[in-house]
Amino acid sequence: MKNAIIVHGRRAQPEIHWFFEEKENLEEKGYTVSVPKCSDAVHPKLADWMKVLEKESLRENTILIGHSLGTVAVLRLLEKKNIKVDKVFLLAGYAGDLRENYEAHEFVQDKFDWEKLRGLANKFIFINEKNDPNVRFELGEEVAEKLGAELVVSPTENHMHHFDLDLINSRI
């Protein structure tokens, strides 16, 4: 059975932004979809988020979708579980330290194993905005390059809170 996991970012919850609309879109395509609530999204702790995410089932036909800090959590989950999935969508993503987001520092303080990560998905798709108010485009561009990801530029300028979901759905 095909499944998808959508991971929210810092200061977010599964009930806001586009998460449930995308859940419905994927369910219409035959996916079982989980949108887990990671603990304390205001003052996130990597260990606490991983406890939640490690309960999720990853398989060869899994799609992972992460938004903002959720992109970092998705990459950490892949590294930890070491299971190859179908596709990984990273929106408003980064994998380096955001000076203005010091509360999330522990998510990125350890280096990623890019070689290992490249082999853990059939395809990585990075969707970022040129003028994201929270994440500089270059940070996402750098990660996309390290993952060998398709880089998609969204014309929006709102940290991917509201955008055309076809940027995801046309690539599934």
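Below is a summary of the structure that appears in this document. Everything numeric in this text was worked out from a predicted model, so none of it was measured.

Glancing now at the packing of helix α2 (residues 46-53) against helix α3 (residues 69-81). Here α2 crosses α3 at 65°, and the two axes come no closer than 10 Å. Between α2 and α3, the angle is such that the two are roughly perpendicular. Our pair here, α2 against α3, has a crossing hand that is right-handed. Judged by residue contacts, L46, W49, M50 and L53 of α2 engage L69, G70, A73, R76 and L77 from α3. Looking at the contact of α2 with α3 residue by residue, the classes come out as 7 nonpolar, 1 polar and 1 charged.

Relative to the helices and strands, N134 is located in the loop between β5 (121-129) and α6 (137-147). When its relative accessible area of 37% is taken as the criterion, N134 is described as partly exposed. Taking C-alpha positions, N134 is 11 Å from L69, a pair spaced 65 residues apart along the chain.

The next thing to look at is the packing of aromatic side chains. Under the counting rule described, the total for this entry stands at 3 aromatic pairs. Geometrically, the ring pair formed by W18 and F163 is edge-to-face, given 5.4 Å between the ring centres and 80° between the ring planes. Linking W18 in the loop between β1 (3-7) and α1 (19-28) with F163 in the loop between β6 (150-154) and α7 (166-169), this pair joins segments that are 145 residues apart in sequence. For F163, a relative accessible area of 13% puts it in the buried group.

Conventions and cut-offs
Residues numbered from 1 in each chain as written. Predicted model: local features only at pLDDT ≥ 70, side-chain atom pairs only at ≥ 80, totals over all residues. Heavy atoms only, no water. Axes fitted to C-alpha atoms, helices over the stretch in contact; angles between N-to-C directions. Helix = DSSP H or I, 4+ residues; strand = E, 2+ residues; numbered from the N terminus. Parallel < 35°, antiparallel > 145°, perpendicular 65-115°, else oblique. Left-handed = near helix turned anticlockwise from the far one by under 90°. Contact = heavy atoms within 4.5 Å. Nonpolar A, V, L, I, M, F, W, Y, C, P; charged D, E, K, R; others polar. Buried < 20%, exposed > 50% of the residue type's maximum accessible area, 1.4 Å probe, protein only. Phe/Tyr/Trp six-rings, centres within 6.5 Å; stacked < 30°, edge-to-face > 60°.

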